[in-house]
Amino acid sequence: MDIIQFSINTLNHFDEISIVEVGQHFYWQIGGFQVHAQVLITSWIVIAILLSSATIAVRDPQIVPTGAQNFVEYVLEFIRDLARTQIGEEEYGPWVSFIGTMFLFIFVSNWSGALLPWGILKLPHGELAAPTNDINTTVALALLTSVAYFYAGLTKKGLGYFGRYIQPTPILLPINILEDFTKPLSLSFRLFGNILADELVVAVPVSLVPLVVPIPVMFLGLFTSGIQALIFATLAAAYIGESMENHH
């Protein structure tokens, strides 16, 4: 009963953290729901950047890639290697698109917060920022990862997937159950906390010395933003691979 109550409390906690916010926000009413408009706007911009870049890069594919096509194929090979390493040679193929989507969306979102002049676009309330600067975005990405690794495990093993909860010994059942709740929590808060902290660290020197001094901090922010995207994608692939591996 304690485990069930903890699970219910954890799900309620996800609902509570959805109201976490820093500063003012611009809201839209869609049906009976209130959504953060600036998160949707910046997310659509990031998606448009990804789609347009991919379309331009492969609109005239060549047998021997050059230019943008060469860069896109390099990125794809990098994502394939990441998925192959974490999931396994035999199982990684169907998951390349999911891992790649996660990595590219988070990577471009993080960099957009540092490179794009969001301040040019004025809103009635609040201001635009990276989509990953909002806890709702990172929680959604983490929950998608949880759904993905449950789907992977159930697809390969059926109901036998749940046997992992009593391995290597039934004594670990409560800990193994708690692990499935802590995974999305750690994924979401790690990404949200690092991106929010990075933008706040950059904002302070920019407001004090708006020219030369903040530039090294901004470059460091770009590096850490890319690392955060890589960490999230690597962990997502590792969780999927773990759910499909055979336990003896």
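Under the annotation held in an unreviewed UniProt entry, the protein carries the name ATP synthase subunit a, chloroplastic and is attributed to Taxus baccata. Under the heading Subunit (unreviewed entry), UniProt records this for the protein: "F-type ATPases have 2 components, CF(1) - the catalytic core - and CF(0) - the membrane proton channel. CF(1) has five subunits: alpha(3), beta(3), gamma(1), delta(1), epsilon(1). CF(0) has four main subunits: a, b, b' and c." Annotation of the protein in UniProt includes, under Sequence similarities (unreviewed entry), the sentence "Belongs to the ATPase A chain family."

1. Comments concerning the packing of helix H4 (residues 96-115) against helix H5 (residues 135-157)
Two elements in contact, H4 and H5, have axes separated by 12 Å at closest approach and are oriented at 170°. Our classification of the angle between H4 and H5 gives roughly antiparallel. Residues Phe 98, Met 102, Phe 105 and Ile 106 of H4 pack against Thr 137, Leu 141, Leu 144, Thr 145 and Ala 148 of H5. When the residues that make up the contact of H4 with H5 are grouped by side-chain class, the tally is seven nonpolar, two polar and no charged.

2. Looking at the nonpolar core
Core analysis: the biggest nonpolar cluster contains 33 residues, and Ile 87, Trp 95, Ile 99, Leu 141, Phe 232 and Ile 240 have the highest contact counts within it. For this core, the secondary structure elements donating two or more residues are helix H3 (67-87), H4, H5, helix H6 (173-208) and helix H7 (214-244). If one sorts the elements of this core by residue count, H7 sits on top with eight residues. Contact partners of Ile 240, with chain neighbours within four places excluded, come to Ile 87, Trp 95, Phe 98, Ile 99, Ala 148, Tyr 149 and Ala 152.

3. Quick look at the environment of Phe 232
Mapped onto the fold, Phe 232 is located in helix H7. Not counting the four nearest positions on each side in its chain, Phe 232 is found in contact with Met 102, Ile 106, Leu 141, Ala 142, Thr 145, Leu 187 and Leu 191.

4. Focus: a nonpolar patch on the surface
A cluster of nonpolar side chains, namely Leu 220, Phe 223, Ile 227 and Ile 231, defines an oily patch on the protein surface of about 360 Å² accessible area. Structurally, Ile 227 can be placed in helix H7.

5. A short note on the packing of H3 against H4
Orientation of H3 relative to H4, taken along the N-to-C sense of each, is 115°, at an axis distance of 9 Å. Regarding H3 and H4, the two cross each other, and that crossing is right-handed. Along its contact with H3, which presents Val 75, Leu 76, Phe 78, Ile 79, Arg 80, Leu 82 and Ala 83, the element H4 presents Val 96, Ile 99, Gly 100, Phe 103 and Leu 104. For the contact of H3 with H4, the residue count by class is ten nonpolar, one polar and one charged.

Conventions we followed
- Residues numbered from 1 in each chain as written.
- Predicted model: local features only at pLDDT ≥ 70, side-chain atom pairs only at ≥ 80, totals over all residues.
- Heavy atoms only, no water.
- UniProt positions renumbered as here; feature names shortened; annotations may be inferred.
- Axes fitted to C-alpha atoms, helices over the stretch in contact; angles between N-to-C directions.
- Helix = DSSP H or I, 4+ residues; strand = E, 2+ residues; numbered from the N terminus.
- Parallel < 35°, antiparallel > 145°, perpendicular 65-115°, else oblique.
- Contact = heavy atoms within 4.5 Å.
- Nonpolar A, V, L, I, M, F, W, Y, C, P; charged D, E, K, R; others polar.
- Core = buried A, V, L, I, M, F, W, Y, C linked by side-chain atoms within 4.5 Å.
- Buried < 20%, exposed > 50% of the residue type's maximum accessible area, 1.4 Å probe, protein only.
- Patch = residues over 30% accessible without salt bridge, like charges linked within 9 Å, V, L, I, M, F, W, Y side chains within 5 Å.
- Areas by Shrake-Rupley, 256 points an atom, 1.4 Å probe, with all protein chains shown as cover.
- Salt bridge = Lys/Arg side-chain N within 4 Å of Asp/Glu carboxyl O.
- Left-handed = near helix turned anticlockwise from the far one by under 90°.

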